[in-house]
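Observations on the model geometry
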Amino acid sequence: KVASLRSHLASAAALLKTSEEDVPARVEAMLSRTRTLEHELEAVRGAQRGVEAAELAASAETVGDAKLLVVRRDGLRPDELRELALDLKGRLGSCLVVVGGANDGKGALVGTATEDLVSQGVSAGEIVGFAARELGGGGSRDPLLAQAGGPNDSKMAAALDVAREEAGRALAAL
C-alpha cells in the first residue's frame with residue numbers, strides 16, 4: 001500500500017513538474033489559479049450577457065401600456081436564464097419577460113413581471129407554469145419571478161409560444 005502511494009506521489013510530482021515535497025503547494029497554487037480564471041471567465045460571460053440583453057430589450061413588443069419580451073437562449077443554466085430575465089426587466093420599465101432555453105436535455109423557463117403589472121393581476125408564475133406543461137414539467141408560482149422547466153427540451157418552441165400567448169392575453173386584459 002505504501003509503495004503504491006509513493007508511486008502515485010511520484011507520478012503526480014512528474015505531472016506537476018515539481019518535487020514530491022512540493023506537490024501539495026503546487027496543487028493548491030493550480031487550484032487557486034483555476035478559481036481565478038473561472039471568476040474572470042464568468043465576468044466576461046456576464047458582460048456578453050449585458051450586451052445581449054441590450055440588443056434583446058430593443059426587440060420587446062408593446063402590449064397596452066407594457067412591454068412584452070419572450071426569448072429563447074439555449075445553453076444557459078437556469079441561474080443564467082434568471083440573470084438574463086432580470087437584466088431585461090431592468091431595461092424595459094413596465095414589462096413581462098419570459099426567457100427559455102434548452103440545456104443538457106432539459107428545458108428551463110424564467111418569467112418575471114414588474115410590480116405594477118403584478119398589482120394589476122399579472123403573474124409570471126402562472127404564465128411560465130402554463131408554458132412548462134409543454135415541457136412535461138412545472139414550476140414556481142411567484143408572480144414577480146418564477147422558474148419552471150421540464151424534461152422535454154424539444155418542446156421549447158411550443159412552450160415559448162404558450163408563454164407568448166398567455167402573456168399577451170394577460171397584458172391585453174389590463
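Residues numbered from 1 in each chain as written. Predicted model: local features only at pLDDT ≥ 70, side-chain atom pairs only at ≥ 80, totals over all residues. Heavy atoms only, no water.

So, the overall build of the chain
- Tallying secondary structure elements over the chain gives 6 helices and 6 strands in all.
- The N-to-C order of helical and strand elements in the chain reads α-α-β-β-α-β-β-α-α-β-β-α.
- Along the three orthogonal principal directions, the C-alpha set of the chain runs to about 75 × 30 × 25 Å.
- Looking at the chain as a whole, 35% of its 174 residues are labelled buried. (Helix = DSSP H or I, 4+ residues; strand = E, 2+ residues; numbered from the N terminus. Buried < 20%, exposed > 50% of the residue type's maximum accessible area, 1.4 Å probe, protein only.)

Re the pairing of strand β3 (residues 95–103)
- Most of β3 is tucked away, with 8 of its 9 residues classed as buried.
- The sheet contact formed by strand β2 (residues 66–72) and β3 spans 6 bridges and is parallel. Its bridge partner lying in β3, V71 is registered against V99.
- The pairing of β3 with strand β4 (residues 106–113) spans 8 bridges and is antiparallel. Looking across to β4, one finds that G101 is bridged to A108. (Pairing = 2+ DSSP bridges.)

Re the sheet that holds strand β6 (residues 145–150)
- Read across the sheet, 6 strands follow the order β1-β2-β3-β4-β6-β5 without closing on themselves; strand pairing throughout is mixed. Taken across any chain shown, the strands that pair with only one partner, and hence form the sheet edges, are β1 (61–63) and β5 (138–139).
- In the packing of helix α5 (residues 124–134) onto the sheet, the strands contacted are β3, β4, β5 and β6, and the crossing angle to β4 comes to about 160°. (Contact = heavy atoms within 4.5 Å. Axes fitted to C-alpha atoms, helices over the stretch in contact; angles between N-to-C directions.)

Brief notes about helix α1 (residues 2–16)
- With 15 residues, α1 extends 21 Å between its outermost C-alpha atoms, agreeing within 8% with the 21 Å of an ideal straight helix rising 1.5 Å per residue.
- With its phi angle positive at about 55°, K17 sits one or two positions after the end of α1. (Expected span 1.5 Å × (residues − 1).)

Digging into the packing of α1 against helix α2 (residues 23–57)
- Contact geometry of α1 with α2 gives a least axis separation of 10 Å together with a crossing angle of 50°. Of the possible angle classes, the one that applies to α1 and α2 is oblique. Regarding α1 and α2, the two cross each other, and that crossing is left-handed. Contact residues: L9, A12, A13 and L16 in α1; V23, R26, V27 and M30 in α2.
- Classifying every residue of the contact of α1 with α2 gives 7 nonpolar, no polar and 1 charged. (Parallel < 35°, antiparallel > 145°, perpendicular 65-115°, else oblique. Left-handed = near helix turned anticlockwise from the far one by under 90°. Nonpolar A, V, L, I, M, F, W, Y, C, P; charged D, E, K, R; others polar.)

So, to be careful, I would describe these as geometric facts and stop short of saying anything about function.
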